Amino acid sequence: MKRIFLCCLIIFSNSTIGQIILSNDTTVCGTQNIDLYAISASVDSLVTDDTYTQNIDLGFDFGFYGISYNKMLISSNGYVTFDTTLSGGYSPWAINMAIPNPGVEPENAIMVTWQDTDPGVAGAIYFGSYGAAPNRVFVVTWCGLAMFSCNNLIYTSQLRLFEGSNKIEM
């Protein structure tokens, strides 16, 4: 019961300053078993709709489609991209064509749940690495974000990138 209360407190908190610190891995969400990994992470200052973060250092090299990357951008719209030339810029939310589509953003991206969210209304985006080389994991958590135009609908998701194996978990 304590775990459920703590998880609800984290998910429904409007604070954008703080940390996620849990003692054990936690399972939430009714009939689905979804494990949220217990980490202490940075809270991103991304509270603007449809925006990318500045460049974020992964802390290790990650192979994506045969190219090694050590930096990425996080989108407020539920995805990440390795195209760091877009740092701090506009992050598209509309899905108007099939992806990938060369020359059309977002490119070189991991689409966790590409959708139009508004972190300026509710929620926070947490990110950070944990573990020791050569087995580190970079985690991004979109936590309690309001959906754009439907602010009463709240979205939470997590992405994990694994050093060495280049495994992607969502």
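Cut-offs and rules
Residues numbered from 1 in each chain as written. Predicted model: local features only at pLDDT ≥ 70, side-chain atom pairs only at ≥ 80, totals over all residues. Heavy atoms only, no water. Pairing = 2+ DSSP bridges. Helix = DSSP H or I, 4+ residues; strand = E, 2+ residues; numbered from the N terminus. Core = buried A, V, L, I, M, F, W, Y, C linked by side-chain atoms within 4.5 Å. Buried < 20%, exposed > 50% of the residue type's maximum accessible area, 1.4 Å probe, protein only. Contact = heavy atoms within 4.5 Å. Salt bridge = Lys/Arg side-chain N within 4 Å of Asp/Glu carboxyl O.

Asker: Help me understand the pairing of strand S11 (residues 150–162), please; the structure alone is not making it clear to me.
Answerer: If a strand is regular, its side chains alternate between the two faces of the sheet. Relative to S11, strand S10 (residues 137–147) runs antiparallel, the two sharing 9 bridges. The partner of Val-137 across the bridge, within S11, is Phe-162. In textbook terms, the turn of a hairpin is the stretch between consecutive antiparallel strands, and for S10 and S11 this stretch comprises 2 residues, one of which, Ser-149, has a positive phi near 70°. The sheet contact formed by S11 and strand S12 (residues 168–169) spans 2 bridges and is antiparallel. Its bridge partner lying in S12, Leu-161 is registered against Ile-168.

Asker: So what exactly am I meant to see when it comes to the nonpolar core here?
Answerer: Here is a general trend for soluble globular proteins: nonpolar side chains tend to be buried in one another's company. Ranked by size, the top nonpolar core spans 22 residues in total, and within it Phe-82, Phe-138, Val-140, Trp-142 and Leu-161 carry the most contacts. Mapped by element, the contributors of at least two residues to this core are strand S4 (56–64), strand S5 (67–74), strand S9 (124–130), S10 and S11. When neighbours within four sequence positions are excluded, Val-140 is seen to be in contact with Ile-74, Val-80, Ile-125, Tyr-126, Phe-127, Ser-157, Gln-158 and Leu-159. Membership of the second largest hydrophobic core comes to 6 residues, among which are Leu-73, Tyr-79, Leu-86 and Trp-114.

Asker: Please explain the pattern of salt bridges as it appears in this structure.
Answerer: Enumeration over the complete set of coordinates arrives at 3 salt bridges. Its salt-bridge partner being Arg-160, residue Glu-169 comes within 2.9 Å of it at the nearest N-O pair. A salt bridge links Glu-169 to Lys-167, with the shortest nitrogen-to-oxygen separation between them at 3.1 Å. Among the ionic contacts, a cluster of salt bridges with common partners joins Arg-160, Lys-167 and Glu-169.

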